[in-house]
Structure formats: C-alpha cells, structure tokens
Amino acid sequence: MGEVLSLPSPLRTLTMSPTRCVRWLIPLALLAWMASGCTPASSDAGLPPATPPGATGPAKPEESSPVFRAQELPFRYERGLSGVALPPETTGGGVGMLDFDGDGDLDLFFAQGVPLNARGAGAGGNPPADSLLRNDSGKFVDISGEAGLTSRGYGQGVCVGDYDGDGDPDVYVTRYGVNTLWRNDKGKFTDVTAESGVGCPLWSLGSAFFDADGDGDLDLFVANYFDFDPARAPFERDEQGKPRYGLPEGWAGQPDVLYRNNGDGTFTDATASSGIRDKGRGMGCLAADFDDDGRMDLLVANDAEANNLWRNKGDGTFEDVAPAWGIAFNGQGKHEANMGIARGDTDDDGLQDVVITHYVNEHDTLWRPLPSASGGVVFDDQTQVSGLGGDSRPMTGWGIAMADLDQDGRLDFAVTNGHIRTYPEGLYPLKNPPLLWKGLKAGRFRNVSAKAGAYFSGRYEGRGMACGDLDGDGDLDLVVVPLDGPAVVLWNETPHAGGSVILTLVGKSPNTDAIGATVTATIDGRKQVRAIDGGGSYIGSHAKGIHFGLGGAKAIDSVEVRWPSGQKETRTDLPAGSRVRWVEGSP
C-alpha cells in the first residue's frame, strides 16, 4: 500500500509509493507557470504560437544566437497504438545521420515501429520498414526499398558504425523484440543479425559501437529497458478509466549486453565475462574515455535509478565507478529518470562535461569533472550554477545534441521534450516545447528558445534527435522525431554566425570511424576539445564529423588529433570554411 499524500486543491488525494511521489510533487512556482496557460497546441511544423518557459535573461546585442527553420520530412514514426497503453509506445523514434552512399551528403536513417495488438505482437498486414532518406541537395527522398530495407519489427533506436571496417557506415536498430544489424555494402543494406549474433531479444533502447577491448575493431553495447507482461495490460487507468502508460518503477530492469567483435563479421556475447552484470532500466548510453587513460569506458543512463559508469580496466573487464566518481546520482544524492546523454567541454578547462536529460519535475543535469589527485574522475553537479536548473523542470527531456550551433566558439545544446502521459488536472501537458541553451563564458548557459525560430515555440511529443551539417554550409542542423507528427529537419539559419571548420576523421581499419579519437584545436590562443564518442543522445546517432566554431577568428591556428591507436598528428592554419578529410597516418 502506498503512502497517502494530501495535496492542496485543485489536486485530489493521491495514493502512490514514495518513489513515485518525487515525480508528482510540484513546486509552487511550476504550478503558477502551468496555470498561466499551457494548453497543448498543434504539432504541425506550420508551428503553433505557444511560448516556451522564459529565458534566463535577454541576449546581449553582440552575441549570436542560434536560429532554425523547420521543414517536415517524408517520415512519420509508427507508434503502433495497441489500445492498452503498452510501454514501448512511448519510447521510440530513433534517427541517425550517415553518408550511406559515399556521395558526401549526410542522409537520414529512421527506426520504424509497427502496429501492435493488445498482446504486444505485430498486428499483421503490411507493416512499415525502417526508413532511409537520401539527401539530394537538401531534398530528402525515401529509398528504403531500393536500399534493401524491409520490415523487421518494432523499431526504437538507431546506432551508426562501421563494424566490419570496410568504410561503409552500418546501422544497428534496437527494438521491442529482436534487434537488427543492417550491413551496408556500397549503399545496399542486408540484414545480418542472425549470422552476426547480435539479435538481442530484449526491449532495447540505446546502443553504442566502441572498441571495448583495445583490439582495434568496434564492439557493441546494448542498453535494455525493463521487463513487462503485455498480457496484463493496461497497467494503469486514468480518472476516466481509460488505459494510461505506467511509470517504470513498477517493473524490473533488464540486463544490458556487451557483444565483442570477433573480426570476422560475427560477435560473441561477453556480458558476463566483462563484469557488466547490472540490471538497470537502461535508456541512453555513451562510450568515451572518461578518465583519459586511453581506454573506452561506458556511461549508461538508467531510468528512475542510479546510472552506471563502467570503467574499462584494460584486461577485458569493467567495473562500475558511477557512485565513486559522483555521476550515479545528482548533487542531492538522488537518482533521477535518466534518458539522453551529451558530452563536451562547456567551460574551457579541457575536460569533457556530461549533460543527461530527465523526467518532469527533475531537470536536465550537468556534471563537470574535477581534477583528482588520487586518479580517476570526480564529477560535480553544477546544474544550478550554470543556469540550467529551472526551465527544464516542467518537461520530460529525451534526445539531446551538444554542439556549437551559432559558431561563436562555445558549445550550446538542444533538447527535444515531451511527456509520456497527462497528469491530474492537466498540470503537465503531454506536449512540450523543445529547449535551446546557448553556451556563455565561464561555463554558463542561457535559454534562447524564444529566439530560435517558430519550431521552438511549438509543443510536441518529442523523442529522437540527431545533429550534423545536412546542407554542407558549415553550420550544424538538427533532425527531430516526435511521436505526434512527421519528423522535422531544423535548418540552421543563424544570422551573423562565426566561421567553422569541419574535420572528417578516417581511422585505420577496422576502426575507420575513429571512435575514441580526441581533437584539440587552438583558435586565437584558446583551446577547444572535441571527441568522437560511441552512442550518445537518446536512441539517436549524430554525424561523426568534428565541428569547430571559430567565432571571429579567420582560421584554426593548430589542431592535434590523438587517434584511438594513441598516435598523434598535427596540422596548422586551417582557414574558416575548410572541410578536411583527415586519414590516419597521412597528416
């Protein structure tokens, strides 16, 4: 029996567990904001006039501020609504950016759902397939069938990586059901799931290609969510007796999985031997060298419980250091509903910070690593001091992209938002506006959503997000997948933006993606650090290019690449507007 809370009018008395109370208690400031008029608006990309939460302060005249123009895409995610509120209906909509055909343009790959019946199975008929949109000079053409894609079940997330080292980007699609590995052979995709051995049959969300054992090829990590019996649905009902989506605390998490690449097109399940044994409710995941020891570690965002940070011990095994390193919980020592992950140096100290998106009445949380004399990493929750604490609290955050969106030399980030269900008295609308945070000096951020274009004033059930330069103009565009409408490309049309340089790193085979590389650029005496990580965002896959905004500078003075092999190479005097294809061993 849950604890009974007596809440003031207009809320009625609610019966719930103490854990769920955290998600329902609402600060008076948020009540006032919601009461001011948060009626959900149309989700069309024609874009409703609703206003997102207020910015933390007006932008100074000399500051650039990202601006985007929305364009609908010929893709709509099939939620497969069963009528009994099955949990996977709330979590899908993955998207990845990749140059699948090697023509120099970034194309778009979408995980697709299928109609579901009350038992969670496909409802039959002619279910849709995962979708591939070819980029023809900014016009996106659906060539899914031509490229070999066929229906493979209820899709959730997308992860792009060249697992076989042939130079073609392959795609792993997570599903509610058996996942799929699509091998790309010069623009044609083949389902090689069975022969490769990576058909995880659990409910999978995030995934990441990375070199877990230092042998040079890309292994695969899969974050799995929770176990439920569809025969018992619906699990909750609302005040009118209609089926309502339940919260994750009611179900046990499923084990995550690590597959080791055998180098011959097959993988071996190495979960047990690696020491990755946790059964968290995994959502997003990101592989990166968090302690700068040359080995790739793994951060897993778990829903409504502590995060895992699996430190690579260098002998084929991992240990969870999230509690010791301070990133298992927030600064108040509480677990949160962790979803999407982004990583980057937001305060110019040369260290990569972490932002994780969260559920309503929490907030998107920023952890910064601090120097540690004893080795390892100590993360400090600096959400409040950075200016991020307030505006994301009324929302549920999913996909996230951290990048220099206005090219002023500082990292910004965008988040797509949307709740999974409505709440009593309509206090939390189902649809949320996206958020755009501008990076400022001293590691602070300002919410500039109100100035970012009409799309950021609308409300959506946002989920997947990916980032990359889709039109080749040097700035970074976004793609968002909502549950309530077509996918949208957000073209970056920032006025008075600085120049940029984009590096495409080509590592030695088999790690042609150079996942694990670190790039340090010196621009007007100031250093900017970037890395090619595995996974990230929430069920999405960003473009692999390394992008540097130059601000008012005319060139990058010098740039150093530390390849995953440990080899270092340097180039100098890269002018604004450069697009450099940098092959390892050919500086």
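None of the values given here were measured: they were computed from a predicted structure.

Scoring rules and cut-offs
- Residues numbered from 1 in each chain as written.
- Predicted model: local features only at pLDDT ≥ 70, side-chain atom pairs only at ≥ 80, totals over all residues.
- Heavy atoms only, no water.
- Helix = DSSP H or I, 4+ residues; strand = E, 2+ residues; numbered from the N terminus.
- Contact = heavy atoms within 4.5 Å.
- Buried < 20%, exposed > 50% of the residue type's maximum accessible area, 1.4 Å probe, protein only.
- Pairing = 2+ DSSP bridges.
- 1 Å grid on protein atoms, 1.4 Å probe; cavity = no way out; pocket = protein on both sides within 12 Å on 5 of 7 lines; lining within 4 Å.
- Points joined across faces, edges and corners; volume = space filled by probe spheres on them.
- Nonpolar A, V, L, I, M, F, W, Y, C, P; charged D, E, K, R; others polar.
- Axes fitted to C-alpha atoms, helices over the stretch in contact; angles between N-to-C directions.
- Phe/Tyr/Trp six-rings, centres within 6.5 Å; stacked < 30°, edge-to-face > 60°.
- Lys NZ or Arg CZ within 6 Å of the ring centre and 35° of its normal.

## Regarding the environment of G439
In step 1: By the element assignment, G439 lies in strand 28 (residues 435-439).
In step 2: For G439, the contacting residues outside a window of four places in its chain are D408, R410, L411, D412, R444 and F445.

## Comments concerning the pairing of strand 31 (residues 477-482)
In step 1: The buried fraction of strand 31 is high, at six of six residues.
In step 2: In terms of strand pairing, strand 30 (residues 462-468) meets strand 31 through six bridges, oriented antiparallel. Residue pairing for strand 31: G462 is matched across the bridge by P482.
In step 3: Alignment of strand 31 against strand 32 (residues 486-492), held across three bridges, turns out to be antiparallel. Following the sheet pairing, V480 is matched in strand 32 by V488.
In step 4: Counting the residues between successive antiparallel strands, the hairpin from strand 31 to strand 32 contains three residues.

## A word on empty space enclosed by the protein
In step 1: Inspection of the entire model under this criterion finds five cavities of 30 Å³ or more.
In step 2: Estimates place the volume of the largest cavity at around 120 Å³.
In step 3: As for the largest cavity, its lining consists of 16 residues, and the residues nearest its centre are T90, Y225, G246, P248 and I420.
In step 4: Of the residues in the lining of the largest cavity, the class split is eleven nonpolar, three polar and two charged.
In step 5: Space inside the second largest cavity adds up to approximately 90 Å³.
In step 6: Lining the second largest cavity are 13 residues, with D345, D348, G409, L411 and R526 sitting closest to its centre.

## Section: the sheet that holds strand 27 (residues 412-417)
The pairing of strands in a sheet comes from backbone hydrogen bonds and takes either a parallel or an antiparallel form.
In step 1: Ordered by their spatial adjacency, four strands build an open sheet running 26-27-28-29, and the pairing between neighbours is antiparallel. Among the strands making up the open sheet, the edge pair consists of strand 26 (397-403) and strand 29 (445-447). With direction set aside, neighbouring strand axes in the sheet form an average angle of 20 degrees.
In step 2: Pairing of strand 27 with strand 28, which is carried by three bridges, proceeds in the antiparallel orientation.

## Re the sheet that holds strand 25 (residues 378-381)
In step 1: Pairing is antiparallel across the open sheet formed by four strands, whose spatial order is 22-23-24-25. Both edges of this open sheet fall to strand 22 (341-344) and strand 25, since each of them pairs with a single strand only. Here the strands of the sheet are splayed against their neighbours by 25 degrees on average, with no regard to which way each runs.
In step 2: Relative to strand 23 (residues 353-356), strand 22 runs antiparallel, the two being bridged by four bridges. By the bridge assignment, A342 is partnered in strand 23 with V355.

## Describing the packing of aromatic side chains
In step 1: Within the structure shown, the criterion is met by 24 aromatic pairs.
In step 2: Between the aromatic rings of W203 and F228, the centroid separation amounts to 5.7 Å while the plane-to-plane angle is 75 degrees, which identifies the pairing as edge-to-face. With a gap of 25 residues between them, W203 in the loop between helix 3 (193-196) and strand 12 (204-210) and F228 in the loop between strand 13 (219-224) and strand 14 (236-237) connect regions that are remote in the sequence.
In step 3: Judged by relative accessible area, F228 falls into the buried class, the value being 10%.
In step 4: Summarising the aromatic geometry, the rings of Y455 and Y460 are spaced 4.3 Å apart at their centres and angled 10 degrees between planes, so their arrangement reads as stacked.
In step 5: Taking relative accessible area as the criterion, Y460 reaches 2% and is therefore assigned buried.
In step 6: The ring of F290 is capped by R343, whose NZ or CZ atom sits 5.1 Å from the centre of that ring.
In step 7: A cation over a ring is seen here: R463 above W398, with NZ or CZ 4.0 Å from the ring centre.

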